[in-house]
Amino acid sequence: MASESSFDIVNKVDRQEVDNAVNQAAKEISQRFDFKNVDAGIKWSGEAIDMQANTEERVSAVLDVFKDKLVKRQISLKGLQADEPKLSGKIYKINATIDAGITQENAKKLSKLIRDEGPKGVKAQIQGDELRVSSKSRDDLQAVQSLIKSQDYDFAVQFVNYR
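Residues numbered from 1 in each chain as written. Predicted model: local features only at pLDDT ≥ 70, side-chain atom pairs only at ≥ 80, totals over all residues. Heavy atoms only, no water.

The next point concerns the sheet that holds strand E7 (residues 123–127). Here we have 4 strands laid out as an open sheet, ordered E7-E8-E1-E9, and antiparallel in their pairing. Here the strands that pair on one side only, and so sit at the sheet edges, are E7 and strand E9 (158–160). In this sheet, neighbouring strand axes are inclined to one another by 30 degrees on average, regardless of whether the strands run parallel or antiparallel. Bridge count for E7 against strand E8 (residues 130–135) is 5 bridges, and the pairing is antiparallel. Across the sheet, residue Ile126 finds its bridge partner in E8, namely Leu131. Sheet strands touched by helix H4 (residues 138–150): strand E1 (5–10), E8 and E9. Its angle to E1, the strand with the most contacts, is close to 15 degrees. (Pairing = 2+ DSSP bridges. Helix = DSSP H or I, 4+ residues; strand = E, 2+ residues; numbered from the N terminus. Axes fitted to C-alpha atoms, helices over the stretch in contact; angles between N-to-C directions. Contact = heavy atoms within 4.5 Å.)

Pasting the structure below:
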């Protein structure tokens, strides 16, 4: 009898990579000519990232620079939740957060997809903010991974703990 193989579907973001992206964006903003004298900036504020500038267009440009830095560091933009620019005094601000973990609702969507379209004999169980997928056949697990990659969800997924 073959033992069960499994992997976990998660949505994890490396906080250090996000921090590096914030620092790189801040450096670029301080050096670019089009950001001179517009009070542009980006910084951490607890678990959120605050961006500011003196016009709505400039603060949106700060967000674009930050997104560019995230993409270069292979961080999915699906997890980035950014507010609309808001006027605060004379400064426009955008507050952004990066989601981590798979919500119960999204885990149920993935589980239903695996049950309906995945190979028979593959089990999926929700464990907190991740989804454990197990099967006797490693080929079935790889088929499930390709099935999930082929779907276009509004959240990022990674596959970890493949055993």
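A separate point is the side chain of Gln145. Positionally, Gln145 belongs in helix H4. Overall, Gln145 belongs to the buried group, its relative accessible area being 15%. Beyond its immediate chain neighbours, meaning those up to four positions away, Gln145 contacts Phe7, Phe159 and Tyr162. (Buried < 20%, exposed > 50% of the residue type's maximum accessible area, 1.4 Å probe, protein only.)

Structural measurements only, silent on function.
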